[in-house]
Amino acid sequence: MMKKKFTGAAALGLCLALGISMGASADSRKVVTLGADLTDQQKQIVMNYFGVTSDQVDILTITNQDERDHLGSYVPLEQIGTHTYSCALVSPTSSGGIQVKTANLDWVTCNMIATTLSTSGVVNCDVIAAAPIRVSGTGALTGIIMAYEQASGETLNPQKKELATEELVITGQLADNVGQKEATAIVNEAKTEIISQNITDITVIQNIVNEAASDNNAQLTQDQLDMVTELLDKISQEDYNYDDMKDTLERVDENVGVTSQVDELNGQESNDEESAAQQAAQDAESEAAAETETEVSILDNTNDDAFGDDVITGSTQETETDAPATETEAPEQVLETEMPAETYTGGSSDGIDAQMPAETEMLVETDGYSDTDSEIPEFETEAPAETEAPAETEMSTEPEYTIDDLTEDKKVIYTEINWYLDRVLDLTTEESRVEAENGQYKEEYAEISQMDVTALEADEETSKELKDKFDKFLLKMLIKGLDEEDKVMDELDTAEYGAPEVKMLSQEIKDLIVTDADQKLTSIDGTLRQTISDEAEAFFKKIYGVDAGEEDGTYTEEEPGETEAYSEDYYDQESYDESYDEGMIPEATNDGTME
């Protein structure tokens, strides 16, 4: 039975009150990580938020490949995305555990980062994880660990780093169902008991997880229980020293637990615990008196106005509150490491059942009858009152577009894309092949027929449904053109897609095949689906003449690079100081130097 007695908070609180130094050791230094896909201006804004300049820190650039290397075992590659925006400032300290501050991360919290970092083997460290635009934050841990190793000169145990990454992903997935605070509290509380008491029996571990869920008013499905149990079983096999982790785990528990519920460790009675706390406070006071120099924590040195308004922030120095309901129009979140599509579409997510709220009654329109077991009422003999005839179904004013509505140049684009998709969806028939080989665009067909194309391998009915949906989208886009808002691309979009048409077509393919909201492709490997999406994007670039290195492109409607920079989908332009010039900060390199 887990005993609900907080032990050690008094000593920690006194240490903080006395201002005891948590200065870095002499051979450590501060390291900043910057997402490789940020513009120079965005990087400067991040540095301004951190309150540091390039000559005060070492700088690492974190790439999408770095994230794939660290997360690929636990997050499907198609959901890791292609961009890296998260940044971090890391400063190893000599005591105090792990303290974390976050800004603009709305899926990963400061307490999730703190407790998972303790699993990686980090003992004492101050961390700021942030981004200039709203992101999920799933990629933050990658940069933090890399920065810590450079800053401290310590190479962390590879297995523990893997476990930390797995823990962050699992906690986040659990949070989608039970809440961020509750998920963090469950994993942290169970981990605390298992490590502090050296528990390795998997049945006992499962019972501890169940009890931790109960403590935090959460009901886990069997899949969720098994997932967390398996993670903690792996952790129990490693050689963790609880004394190294105690400060961090107890602080996280105090921040997110329903009650102060760190275990009463080693069977000590309350008086013994209070004596130990008092002794710890006295020791801390003596240590404070002996300190010759102190250093302000990096968490207290941030420029909180740098990112403008409407910034999600968090700090392990404060008790975590439930995330506010997003009723206001918050900036759109950028999913660096996109969570499994099922998380957002109501399906299961890597072993987690997405639960509907308990006993939610679905409202079903009926013809005047109740959908219950009650008796059908007797009708009077007089004819029922005439019901109003159903209103005529409002016909869509959207015309039925056909290929005949296309201009000649658009017909070529339409035809080529259709041939390409027929190959992807395995819908090319002998009749259509012969017709294409002898038709008006036979040279174009010959080129497409010789391309290396990854096939989806879906059943014929599903393939035809996908083709039909994309065909309607394609015809409408080619005939009507793009809305003004669709034409706007920020600098990141311009770099990735080159043209708004390529962006729209690529996103439509991704929605149909990778995201798969209708759950028609769940039996097909996610990596294969992402490959198809990537290949399609490359094909669309070729069609519009904006593929990499092509100088004589045919794209003329809106040349890449002339679109408006910084779409409001990413952040509020007005919230930033326009006085920053691109290039104020040199480009960072992986060896910590600045070009």
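For clarity, every value in this text was computed on a predicted model and none was experimentally measured.

Asks: Would you mind going over the overall build of the protein chain with me for this structure?
Replies: Scanning the protein chain from N- to C-terminus turns up 20 helices and 6 strands. Looking at the 595 residues of the protein chain, the share that counts as buried comes to 48%. Contacts in the protein chain between residues at least 24 apart in sequence constitute 81% of all its contacts with a sequence separation of at least 6.

Asks: So what exactly am I meant to see when it comes to the side chain of Glu 508 here?
Replies: Mapped onto the fold, Glu 508 is located in helix H19 (residues 500-515). For the buried Glu 508, which has no salt bridge, the nearest side chain bearing the opposite charge is Lys 469, at an N-O separation of 8.2 Å. If we ignore the near neighbours within four places in the chain, the residues touching Glu 508 are Phe 470 and Phe 473.

Asks: Explanation requested: the sheet that holds strand S4 (residues 98-105) in the structure shown.
Replies: Through backbone hydrogen bonds, the strands of a sheet pair up, either in parallel or in antiparallel fashion. Read across the open sheet, the 6 strands follow the order S2-S1-S3-S5-S4-S6; overall the sheet is mixed. With partners counted over all chains shown, the strands left at the sheet margins are strand S2 (58-62) and strand S6 (313-315), one partner each. Averaged over all pairs of adjacent strands, the angle between strand axes in this sheet comes to 10°, irrespective of strand direction. When S4 meets S6, the two strands line up antiparallel, connected through 3 bridges. Of the residues in S6, the one forming a bridge with Ala 103 is Thr 313. Against the sheet, helix H2 (residues 40-50) contacts strand S1 (31-35), S2, strand S3 (87-92), S4 and strand S5 (125-135), and its axis sits at roughly 140° relative to S5.

Asks: Mind showing me how you'd approach the confidence of the model for the protein chain here?
Replies: When pLDDT is low, close inspection of the predicted coordinates is not appropriate. When pLDDT is averaged along the protein chain, the result is 74; 66% of the residues meet or exceed 70. Throughout residues 260-270 the model reports pLDDT below 50, and contacts reaching past four residues in sequence, or to other chains, amount to 35 contacts.

Asks: In this structure, what is going on with the environment of Asn 217? I would like to understand it.
Replies: Along the chain, Asn 217 falls in the loop between helix H8 (202-215) and helix H9 (222-236). We classify Asn 217 as exposed; its relative accessible area is 66%. Separated by 39 residues in sequence, Asn 217 and Val 178 have C-alpha atoms that sit 9.1 Å apart.

Asks: Even after reading the chapter, I still don't get the pairing of S2, so can you show me in this structure?
Replies: Regular strands place their side chains on alternate faces of the sheet. Along S2, 4 of the 5 residues are buried, which leaves the element largely enclosed by surrounding structure. Sheet topology note: the S1/S2 ladder contains 5 bridges and is parallel. Bridging from a neighbouring strand, Val 32 pairs with Ile 59 of S2. The β-α-β motif built from S1, the intervening H2 and the parallel element S2 has right-handed crossover chirality.

Asks: I keep staring at the pattern of salt bridges and nothing clicks. Help me out?
Replies: Here the idea is simple: oppositely charged side chains can pair when their charged atoms come close. This model, assessed by the stated rule, comprises 17 salt bridges. One salt bridge in this structure joins Lys 487 and Glu 484, with 3.6 Å as the shortest N-O distance. Taken together, the positions of Lys 487 and Glu 484, both in helix H17 (residues 484-487) and 3 residues apart, correspond to about one turn of that helix. The network of salt bridges with shared partners includes Asp 106, Arg 134 and Asp 310.

Asks: How should I be thinking about unusual backbone geometry in this particular structure?
Replies: Glycine aside, residues mostly have negative phi angles, and peptide bonds mostly take the trans form. The phi torsion at Asn 198 lies on the positive side, around 55°, for a residue other than glycine. Along the polypeptide, Asn 198 turns up in the loop between helix H7 (180-196) and H8. The exposure class assigned to Asn 198 is exposed, which follows from its relative accessible area of 63%. Phi at Asp 310 takes a positive value of approximately 55°, unusual for a residue other than glycine. As for its placement among the helices and strands, Asp 310 is situated in the loop between helix H11 (270-290) and S6.

Asks: Whenever I open this one, the packing of helix H13 (residues 408-424) against helix H15 (residues 442-449) confuses me. Can you help?
Replies: The relative placement of two packed helices is expressed as an angle between their axes plus a distance between the axes. As a packed pair, H13 and H15 sit with axes 10 Å apart at the nearest point and diverge in direction by 30°. Classed by the angle they form, the pair H13 and H15 counts as roughly parallel. The way H13 lies across H15 gives a crossing that is right-handed. Facing H13, whose interface residues are Val 412, Glu 416, Trp 419, Tyr 420 and Arg 423, H15 presents Glu 444, Tyr 445, Ile 448 and Ser 449. Of the residues assigned to the contact of H13 with H15, the class counts are 5 nonpolar, 1 polar and 3 charged.

Asks: When you look at the nonpolar core in this model, what are you seeing that I'm missing?
Replies: Note that soluble globular proteins tend to have their nonpolar side chains buried in a common cluster. Counting 56 residues, the largest nonpolar core has Val 32, Phe 50, Leu 117 and Ile 144 as its most contacted members. Ile 144 has contacts with Ala 88, Val 90, Ile 113, Leu 117, Val 127 and Ala 129, leaving out every residue within four places of it along the chain. Among the nonpolar cores identified, the runner-up in size contains 42 residues, and Val 412, Val 424, Met 477 and Leu 478 belong to it.

Asks: So what exactly am I meant to see when it comes to the packing of helix H4 (residues 110-120) against helix H5 (residues 140-152) here?
Replies: At their nearest, the axes of H4 and H5 sit 11 Å apart, and the two run at 50° to each other. When the axes of H4 and H5 are compared, the pair comes out oblique. Between H4 and H5 lies a crossing of right-handed hand. Where H4 approaches H5, its residues Ile 113, Thr 116, Leu 117 and Ser 120 are matched on the opposing element by Leu 141, Ile 144 and Ile 145. Here the contact of H4 with H5 is composed, by residue class, of 5 nonpolar, 2 polar and no charged.

Asks: Looking at this structure, how should I read the environment of Asn 241?
Replies: Inspection of the secondary structure assignment puts Asn 241 in the loop between H9 and helix H10 (242-256). Put simply, Asn 241 and Ser 196 are 45 residues apart on the chain and 8.0 Å apart in space, counted from C-alpha to C-alpha. Polar contacts involving the side chain of Asn 241 include one to the main-chain amide nitrogen of Asp 243, which spans 3.0 Å.

Asks: Even after reading the chapter, I still don't get helix H3 (residues 64-71), so can you show me in this structure?
Replies: In an α-helix, one full turn covers 3.6 residues, which means residues spaced three or four apart are oriented alike. Turning to H3, its buried residues number three or more, namely Asn 64, Asp 66, Glu 67 and Leu 71. One side of H3 holds all its buried residues, which, seen down the axis, span an arc of 155°. Tucked into the core, H3 has its buried residues touching S2, H5 and helix H6 (158-178).

Asks: Explain the packing of aromatic side chains to me, please; I cannot follow it from the model alone.
Replies: Working definition: an aromatic ring pair is given by the centre-to-centre distance plus the angle between the planes. One pass over the structure, following the stated rule, counts 7 aromatic pairs. Each ring, one from Tyr 420 and one from Phe 539, has its centre 4.2 Å from the other, and the planes form 10°; the classification is stacked. Placement of the pair is Tyr 420 in helix H13 and Phe 539 in helix H20 (residues 526-543), with a sequence separation of 119 residues. Across the pair, Phe 539 and Tyr 420 agree in class, each one buried. Ring-pair connections join several aromatic residues into one group, and the members of that group are Tyr 420, Phe 470, Phe 473, Phe 539 and Phe 540. In this structure, Lys 160 packs its charged tip against the face of Tyr 240, placed 4.4 Å from the ring centre.

Asks: Just checking my understanding: could you explain the environment of Leu 225 for this structure?
Replies: Topologically, Leu 225 is positioned in helix H9. Put simply, Leu 225 and Asn 207 are 18 residues apart on the chain and 9.5 Å apart in space, counted from C-alpha to C-alpha. Residue contacts for Leu 225: discarding those within four places in its chain leaves Gln 206, Val 209, Asn 210 and Leu 220.

Basis of the calculations
Residues numbered from 1 in each chain as written. Predicted model: local features only at pLDDT ≥ 70, side-chain atom pairs only at ≥ 80, totals over all residues. Heavy atoms only, no water. Helix = DSSP H or I, 4+ residues; strand = E, 2+ residues; numbered from the N terminus. Buried < 20%, exposed > 50% of the residue type's maximum accessible area, 1.4 Å probe, protein only. Contact = heavy atoms within 4.5 Å. Lys, Arg positive; Asp, Glu negative; His and termini not counted. Salt bridge = Lys/Arg side-chain N within 4 Å of Asp/Glu carboxyl O. Pairing = 2+ DSSP bridges. Axes fitted to C-alpha atoms, helices over the stretch in contact; angles between N-to-C directions. pLDDT = per-residue confidence, 0-100. Right-handed = clockwise from strand over helix to strand, strands pointing away. Parallel < 35°, antiparallel > 145°, perpendicular 65-115°, else oblique. Left-handed = near helix turned anticlockwise from the far one by under 90°. Nonpolar A, V, L, I, M, F, W, Y, C, P; charged D, E, K, R; others polar. Core = buried A, V, L, I, M, F, W, Y, C linked by side-chain atoms within 4.5 Å. Polar contact = N/O pair within 3.5 Å; in protein donor to acceptor, adjacent residues only side chain to side chain. Arc of directions from axis to C-beta. Phe/Tyr/Trp six-rings, centres within 6.5 Å; stacked < 30°, edge-to-face > 60°. Lys NZ or Arg CZ within 6 Å of the ring centre and 35° of its normal.

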